[in-house]
Amino acid sequence: MKKFVLAAAIASTLFLAGCSDKVDESTLTNVVQTSQYEQPNLGITAQTTPFAVKNLKITKVLLDTKTDYKAEVSYDLVANKSLDEFKSSMKEVTAKSQAPATDTDTDTDTTADAKKDDMSSALHTLKNNLAAEVMVVAFGAKYGDFKAGQIVDTVNETVSLKKVNDQWVKD
């Protein structure tokens, strides 16, 4: 029950941060985390991402209107898990991934259609495995053999946001 209440509190905080009229460090942390360090199409979600944005500070506001926001920020990029743990989690994600569903009529399914579906499935699996492996190699090349809890980088960048459907998103 405590976990449910905590999860609900976190979810409502994140929702409110994304819908706020005023951009603050919490909103920026949320947007930077989801837009740069989570890639759901590759299986890198809030649960599997190896990195977290921590200690974000706004160093200079460059633009602040009702629909646009631009600021220079600084933050620590902290490893949530080690490179080996990330590699293992990506292998689990790719093992679970399946080819997209196809609309085939079972009465007219032929051997050619079955071979086409098998090829599509094999190509989809190959693409996911390759993308996962590339992400692991890229993170390893950029940040080395990082360990959980380690600050792998201190990032200074300019972040531009645009308000879309009452939410701030990276521009």
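Provided above is the structure to which this section pertains.
None of the values given here were measured: they were computed from a predicted structure.

**Quick word on helix H2 (residues 25-36)**
Because each turn of an α-helix spans 3.6 residues, side chains separated by three or four positions end up pointing in the same direction. An ideal rise of 1.5 Å per residue puts 16 Å on 12 residues; H2 measures up with 16 Å between its terminal C-alpha atoms. Every buried residue of H2 is accounted for by Thr27, Leu28, Val31, Val32 and Gln33. Between the side-chain oxygen at the start of H2 and the backbone nitrogen of Ser26 there is a gap of 3.2 Å, and the oxygen is on Asp24.

**Things to note about the nonpolar core**
In this structure, Leu28, Tyr37, Phe51, Tyr75, Phe146 and Leu161 are the most contacted members of the largest nonpolar core, which totals 29 residues. Residue assignment for this core shows that the elements contributing at least two residues are H2, strand E1 (51-64), strand E2 (68-79), helix H3 (83-96), helix H4 (111-143) and strand E3 (151-164). Counting residues per element, this core draws most heavily on E2, which supplies six residues. For Tyr75, the residues in contact, after removing those within four places along its chain, are Val32, Gln36, Tyr37, Val53, Lys54, Asn55, Leu56, Asp153, Thr154, Val155 and Glu157.

**A word on the pattern of salt bridges**
Taken as a whole and judged by the stated rule, the model has four salt bridges. Here Lys147 ties to Asp145 by a salt bridge, and the two come within 3.2 Å at their closest N and O atoms.

**Observations regarding the sheet that holds E2**
Judged by pairing direction, the sheet is antiparallel, and its four strands sit side by side in the order E1-E2-E3-E4 without closing on themselves. Sheet topology places E1 and strand E4 (167-170) at the edges, where each strand pairs with a single neighbour. Adjacent strand axes in the sheet meet at a mean angle of 35 degrees, parallel and antiparallel pairs treated alike. Pairing between E1 and E2: 10 bridges, direction antiparallel. Bridge pairing links Lys60 to Glu72 in E2. Sitting on the sheet, H2 is in contact with E1, E2, E3 and E4, with an inclination near 120 degrees to E1.

What counts and what doesn't
Residues numbered from 1 in each chain as written. Predicted model: local features only at pLDDT ≥ 70, side-chain atom pairs only at ≥ 80, totals over all residues. Heavy atoms only, no water. Helix = DSSP H or I, 4+ residues; strand = E, 2+ residues; numbered from the N terminus. Expected span 1.5 Å × (residues − 1). Buried < 20%, exposed > 50% of the residue type's maximum accessible area, 1.4 Å probe, protein only. Polar contact = N/O pair within 3.5 Å; in protein donor to acceptor, adjacent residues only side chain to side chain. Core = buried A, V, L, I, M, F, W, Y, C linked by side-chain atoms within 4.5 Å. Contact = heavy atoms within 4.5 Å. Salt bridge = Lys/Arg side-chain N within 4 Å of Asp/Glu carboxyl O. Pairing = 2+ DSSP bridges. Axes fitted to C-alpha atoms, helices over the stretch in contact; angles between N-to-C directions.

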